[in-house]
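Coordinates in review
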Amino acid sequence: MRSQVWAKDTWILAAIVLLGLTLRLFSLSWNIFPHADVGGDVTVGALFLQTGSLWEEAPDPLAPRHPTLFPIDSRTGIPAMQHGPVWVLLGSGLASLWHGYTEADVYFALRLLSVVCGTALIMMLWVVAHALNGREGALACALWASMSYLLIDYSGNGAFYALQGTLYLLWILIALRKPSAKRAAALGAVTGCAYLVNYQSIILLPASIILEIFQYKQGRQCLLNMVVVTVMAGLLASPCLIRNAILVGDPFGHHLVNSNYVFSKSGIHATVVDNVYRFPSKREQLTAILSMVMTSWLPNNSFYIARKLFVLAPIAFIFFSYGLIGQVLTRSRRRLLLPVLLLFAVHFLISASWPITKFRFLVPLLPLVFLLSYDAIRHFVNNQRTRTLWVILITIAICSGSALTYLSVPTHTYYYDGAITTDPFSGRGEWNYLRDKGYLPSP
């Protein structure tokens with residue numbers, strides 16, 4: 001009997017994954033040019049194929065020198081540091097298989113990778129949900145992910161957020177094991193890899209440490225595991241840190257590159273001395289940034305995230321919101337869901353503490369909402385038939401939201417022009433691109 005159920009679930013999962021893959025391949029048709037930060041990855045990838053190095057600006061001794069964040073001559077090249085190197089190297093490596101070297105080749109490769117990662121996210125979500133919520137919960141979460149327009153769109157636009165979400169789920173799967181040095185090493189390895197995909201994934205390090213503190217009663221073993229996690233993550237990240245130290249004199253220079261945006265939003269202005277930007281003291285920086293985080297960014301962005309998740313996970317988010325109380329306060333449920341709750345909390349905090357929470361930050365967060373939503377449904381609704389009806393209703397709502405999103409805007413994408421719910425910048429990048437190329441009539 002168990003084998004029959006397993007075989008049935010396998011066929012259902014295969015159908016869900018095939019549906020998700022088909023929709024993600026279809027999303028390639030409307031993601032026809034690189035958006036925002038994807039454009040930067042495409043440029044870096046093409047330069048890597050042409051020069052063999054990761055440059056934001058390739059060396060050009062004839063170009064005029066301009067100010068930089070580090071004491072380097074811009075004419076000798078500006079190293080690419082805004083994003084981790086893994087995604088660009090994967091895209092460049094794939095493009096090289098057909099001897100591609102242009103930005104179009106790299107963008108196509110990154111789009112294919114995002115499709116693969118977006119499909120892998122569905123399967124990984126099924127695995128994690130099966131461990132937490134059983135077979136019905138696993139199939140429900142996988143189906144919701146396969147039909148979510150957010151996850152569909154970001155699995156065809158060349159962005160790395162689907163891979164980040166997949167690594168988050170892998171971290172949770174490892175964290176569900178019993179505490180041990182082996183588990184700590186595995187958590188550190190995933191942390192290091194995820195960090196090199198997106199520096200935002202640094203949150204996995206404090207999440208791993210907090211997990212060890214909560215789950216280990218023996219202080220010495222807990223401390224040892226915390227060291228193992230940190231060392232393993234550092235070893236995986238060390239090639240990037242060593243490169244940065246050699247090129248710009250600061251192993252964590254990439255954080256300065258990204259923090260420059262935070263500085264500008266918190267009123268911190270740099271002065272230029274010998275073609276190098278100089279910022280106020282660390283104390284002044286910290287005071288200004290903490291003030292903005294506590295009084296403006298965190299409260300406003302928390303509301304932004306909540307209302308967007310309310311639309312992206314219709315009905316399910318209501319169960320999530322009410323269920324979160326019991327999941328945190330009930331000891332048995334907290335013990336089981338601790339990795340998911342921790343990861344949701346730290347990702348939520350780093351996203352809401354950013355000056356403007358970008359819509360793409362929700363991609364790794366939405367699968368966690370699905371996991372916690374189904375757990376809440378399972379505890380609120382005891383009757384199996386009624387629970388199934390709620391799952392069906394949520395599925396219909398997600399499908400309807402995806403259809404409305406697709407039909408509402410000719411460009412079909414969330415990145416700039418998405419209706420139903422939008423990126424905070426609310427640009428018209430796709431529309432202008434299509435108009436300029438003659439695909440849309442001029443106003």
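Residues numbered from 1 in each chain as written. Predicted model: local features only at pLDDT ≥ 70, side-chain atom pairs only at ≥ 80, totals over all residues. Heavy atoms only, no water.

Under the defined criterion, the tally for this structure stands at zero disulfides. With no disulfide of its own, Cys141 has Cys399 as its nearest cysteine by sulfur position, at a separation of 15 Å. (Disulfide = S-S within 2.5 Å.)

The next thing to look at is the pattern of salt bridges. For the coordinates displayed, the defined rule picks out eight salt bridges. One salt bridge connects Asp9 with Arg135, and the closest N-O pair in it is separated by 2.7 Å. Of this pair, Asp9 sits in helix H1 (residues 2-27) while Arg135 sits in helix H4 (residues 103-147); the two residues are 126 residues apart in sequence, bridging distant segments of the chain. Overall, the relative accessible area of 3% leaves Asp9 in the buried class. Arg135 gets classed as partly exposed once you look at its relative accessible area, which sits at 27%. Residue Asp73 pairs with Arg75 through a salt bridge whose shortest N-O separation is 2.8 Å. Each of Asp9, Arg135 and Glu136 takes part in a single network of salt bridges with overlapping partners. (Salt bridge = Lys/Arg side-chain N within 4 Å of Asp/Glu carboxyl O. Helix = DSSP H or I, 4+ residues; strand = E, 2+ residues; numbered from the N terminus. Buried < 20%, exposed > 50% of the residue type's maximum accessible area, 1.4 Å probe, protein only.)

It is worth spelling out the nonpolar core at this point. A general trend in soluble globular proteins is that nonpolar side chains are found buried together. Residues Trp171, Phe370 and Leu371 are the most contacted members of the largest nonpolar core, which totals 99 residues. Other than its neighbours up to four places away in sequence, Phe370 contacts Leu125, Cys141, Trp144, Ala145, Ser148, Leu151, Ala313 and Ile398. (Core = buried A, V, L, I, M, F, W, Y, C linked by side-chain atoms within 4.5 Å. Contact = heavy atoms within 4.5 Å.)

Running from amino to carboxyl end, helix H6 (residues 161-175) crosses helix H13 (residues 331-352) at an angle of 145°, the nearest separation of the two axes being 9 Å. The hand of the H6/H13 crossing is right-handed. Every residue of H13 that contacts H6 at Gln164, Tyr168, Trp171, Ile172 and Ala175 is listed here: Pro339, Val340, Leu343 and His347. Of the residues contributing to the contact of H6 with H13, the split by class is seven nonpolar, two polar and no charged. (Axes fitted to C-alpha atoms, helices over the stretch in contact; angles between N-to-C directions. Left-handed = near helix turned anticlockwise from the far one by under 90°. Nonpolar A, V, L, I, M, F, W, Y, C, P; charged D, E, K, R; others polar.)

Quick look at the packing of aromatic side chains now. Enumeration over the complete set of coordinates arrives at 17 aromatic pairs. Each ring, one from Phe26 and one from Tyr406, has its centre 6.0 Å from the other, and the planes form 40°; the classification is tilted. Here Phe26, found in helix H1, pairs with Tyr406, found in helix H15 (residues 384-408); they are 380 residues apart in sequence, far enough to count as distant. Grouped by ring-pair contacts, the aromatic residues Phe310, Phe317, Phe320, Phe344 and Phe348 constitute a single cluster. We note Lys358 situated over the ring of Tyr261; from NZ or CZ to the ring centre the distance is 5.2 Å. (Phe/Tyr/Trp six-rings, centres within 6.5 Å; stacked < 30°, edge-to-face > 60°. Lys NZ or Arg CZ within 6 Å of the ring centre and 35° of its normal.)

As a further point, take unusual backbone geometry. Phi at His99 takes a positive value of approximately 60°, unusual for a residue other than glycine. Here His99 shows up in the loop between helix H3 (85-96) and H4. The phi dihedral of Ile315 is positive, around 70°, even though this residue is not glycine. Its place among the elements puts Ile315 in the loop between helix H11 (282-312) and helix H12 (316-329).

Before going further, it helps to spend a moment on a positive patch on the surface. Taken together, Lys217, Arg331, Arg334 and Arg335 make up a surface patch of like positive charges. Tracing the backbone through its elements, the reader meets Arg331 in helix H13. (Patch = residues over 30% accessible without salt bridge, like charges linked within 9 Å, V, L, I, M, F, W, Y side chains within 5 Å. Areas by Shrake-Rupley, 256 points an atom, 1.4 Å probe, with all protein chains shown as cover. Lys, Arg positive; Asp, Glu negative; His and termini not counted. Charge placed at Lys NZ, Arg CZ, Asp CG, Glu CD.)

With that settled, consider a nonpolar patch on the surface. Taken together, the side chains of Phe310, Val311, Ile318, Tyr322 and Phe380 make up a nonpolar region of the molecular surface, amounting to roughly 510 Å² of accessible area. Taken together, the elements giving at least two residues each to the nonpolar patch come down to H11 and H12. A relative accessible area of 34% places Val311 in the partly exposed class.

Before going further, it helps to spend a moment on the confidence of the model for the protein chain. Summarising the model, the protein chain shows a mean pLDDT of 90, and 94% of its residues fall at 70 or more. Mean pLDDT values for the elements of the protein chain range from 67 in helix H16 (residues 429-436) up to 97 in H6. (pLDDT = per-residue confidence, 0-100.)

We now examine H15. Helix length check: H15 (25 residues) gives 36 Å between terminal C-alpha atoms against 36 Å at 1.5 Å per residue, within 8%. The set of residues buried in H15 consists of Arg387, Val391, Ile394, Thr395, Ala397, Ile398, Ser402 and Thr405. (Expected span 1.5 Å × (residues − 1).)

By the secondary structure assignment, Asn31 is in the loop between H1 and helix H2 (36-51). Taking relative accessible area as the criterion, Asn31 reaches 0% and is therefore assigned buried. Within the local environment of Asn31, its side chain forms a polar contact with the backbone oxygen of Ser27, the two atoms lying 3.1 Å apart. With residues near it in sequence (within four places) discarded, Asn31 still touches Tyr107, Arg111, Asp153, Gly156, Asn157 and Thr413. (Polar contact = N/O pair within 3.5 Å; in protein donor to acceptor, adjacent residues only side chain to side chain.)

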